[in-house]
Amino acid sequence: MDAHLVWGFVAAVLVAYVVPGPDWFVVLRQASRSRAAGMCAAIGVQCGLIVHMAAAAVGVSAILLTSAEVFTVVKLAGAAYLVALGARALCDGYRGWRRRNAERVPGVPAPTPATGSKVFAQAFIANVLNPKAALFFVAVLPQFLAPANPVLPQVLLLGVLDIAIGCAWWLLFVVTATRFHSLLRRRRAQIAVDTLAGVALTGLGGALACTDRARV
């Protein structure tokens, strides 16, 4: 492959990771609890991308570009899941706020920490059900393919490069977030993170539900 195409793809991938989206807030919320939870969420997100890469490699994801019905089903499922995650985060933030204002509030139990497998599953499903993540591999990635070379090896190469960059990014992201672990573990900070993540995920879910294929 031409070096300028590879570097152009790297730049596009970095922008996609750095700009806040659903994955951003899913990982941030878990990283604010512990490094292990943040890593589980990051691994879930990247495993979701592996599914998208594999689907793109065999041409399955291209259906999202040609079938309005399939796109709508995936879009609405993803939007509903993001809203559900956002609602969960808002509920945790509300419970934290109530506990902060009273040492003991009957009927308001502390939220049970999610297991690593549950955190992984939430992040994995959120990514897999995000049609924008799928369409990145069939709408953006092809712009960096050399027409003279076989397509499949290039898709796999760029897909692996995308995932590798993502692993480095999420490692840096989680480590940076946990550097402030003592601050984020404070009740007021945790309430703020839960509320921010809840509002962001709910809003992103709503925006996704209103997304038109032409805008993706």
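Residues numbered from 1 in each chain as written. Predicted model: local features only at pLDDT ≥ 70, side-chain atom pairs only at ≥ 80, totals over all residues. Heavy atoms only, no water.

J.: Please clarify how the overall build of the protein should be interpreted in this entry.
T.: Summing up its helical and strand segments, the protein has ten helices and zero strands in all. Reading the secondary structure of the protein in the N-to-C direction produces α-α-α-α-α-α-α-α-α-α. Burial analysis of the protein (216 residues in total) assigns 42% to the buried set. For the protein, the proportion of contacts with a sequence separation of at least 24, taken over those separated by at least 6, is 84%. Carbon and sulfur atoms provide 69% of the accessible area of the protein, an area that totals close to 11100 Å². (Helix = DSSP H or I, 4+ residues; strand = E, 2+ residues; numbered from the N terminus. Buried < 20%, exposed > 50% of the residue type's maximum accessible area, 1.4 Å probe, protein only. Contact = heavy atoms within 4.5 Å. Areas by Shrake-Rupley, 256 points an atom, 1.4 Å probe, with all protein chains shown as cover.)

J.: Just to check I follow, could you spell out the packing of aromatic side chains for this structure?
T.: We describe a pair of aromatic rings using the distance from one ring centre to the other and the angle between the two ring planes. In this structure the tally under the stated criterion is eight aromatic pairs. On the numbers, 5.9 Å between centres and 10° between planes, the contact of Phe120 with Phe124 is stacked. In this pair, Phe120 and Phe124 are both assigned in helix α6 (residues 116-128), four residues apart and thus about one turn of the helix distant. Both rings, one in Trp170 and one in Phe173, keep their centres 5.3 Å apart while their planes meet at 80°; by these two values the pair is edge-to-face. Of the two residues, Trp170 and Phe173 both sit in helix α8 (residues 151-179), three residues apart, roughly one turn of that helix. The same class applies to Trp170 and to Phe173, which are both buried. The rings of Tyr17, Trp24, Phe25, Trp169, Trp170 and Phe173 are connected pair by pair, giving a single aromatic cluster. (Phe/Tyr/Trp six-rings, centres within 6.5 Å; stacked < 30°, edge-to-face > 60°.)

J.: Explain the side chain of Asp23 here, please?
T.: By the secondary structure assignment, Asp23 is in helix α2 (residues 22-31). Not counting residues within four places of it along the chain, the set of residues in contact with Asp23 comprises Val45, Asn127 and Trp170.

J.: So what exactly am I meant to see when it comes to the UniProt feature "transmembrane region" (unreviewed entry) in the protein here?
T.: In the numbering used here, UniProt assigns the feature "transmembrane region" (unreviewed entry) to residues 6-28, 40-64, 70-91, 124-145 and 151-178. Across residues 6-28 one finds 87% helix and 0% strand; the C-alpha atoms that close the span lie 29 Å apart. (UniProt positions renumbered as here; feature names shortened; annotations may be inferred.)

J.: Teacher, can you tell me more about the nonpolar core here?
T.: Proteins that are soluble and globular tend to have nonpolar side chains buried together. By size, the foremost hydrophobic cluster in this structure holds 33 residues, and its most contacted members are Phe9, Tyr17, Val27, Phe137, Leu141 and Trp170. Examining the composition of this core, we find that nine residues originate from one element, α8, more than from any other. Residue contacts for Trp170: discarding those within four places in its chain leaves Tyr17, Asp23, Trp24, Val27, Ala42, Val45 and Gln46. (Core = buried A, V, L, I, M, F, W, Y, C linked by side-chain atoms within 4.5 Å.)

J.: Whenever I open this one, helix α1 (residues 3-18) confuses me. Can you help?
T.: Because the α-helix completes a turn every 3.6 residues, residues three or four places apart line up on one side. Taking 1.5 Å per residue, 16 residues should reach 22 Å; α1 reaches 23 Å between its end C-alpha atoms and fits that length. Those residues of α1 lying buried are Leu5, Phe9, Val10, Val13 and Tyr17. Summarising the axial view, the buried residues of α1 lie within an arc of 140°, below the 170-degree limit, and thus occupy one face. Facing away from the buried side of α1 by over 90 degrees, the exposed positions are His4, Trp7 and Val15. Against the buried residues of α1 lie α2, α3 (35-57), α7 (131-140) and α8. (Expected span 1.5 Å × (residues − 1). Arc of directions from axis to C-beta.)

J.: Honestly, the packing of α2 against α3 in this entry has me stumped. Any pointers?
T.: In a packed pair of helices, the relevant descriptors are the angle between the two axes and the axis-to-axis distance. Across the interface, α2 lies against α3 with an axial gap of 7 Å and an inter-helix angle of 160°. Between α2 and α3, the interaxial angle falls into the category roughly antiparallel. Here the hand of the crossing between α2 and α3 comes out right-handed. Facing α2, whose interface residues are Asp23, Val26, Val27, Gln30 and Ala31, α3 presents Ala37, Gly38, Ala41, Ala42 and Val45. Among the residues forming the contact of α2 with α3, the class breakdown is seven nonpolar, two polar and one charged. (Axes fitted to C-alpha atoms, helices over the stretch in contact; angles between N-to-C directions. Parallel < 35°, antiparallel > 145°, perpendicular 65-115°, else oblique. Left-handed = near helix turned anticlockwise from the far one by under 90°. Nonpolar A, V, L, I, M, F, W, Y, C, P; charged D, E, K, R; others polar.)

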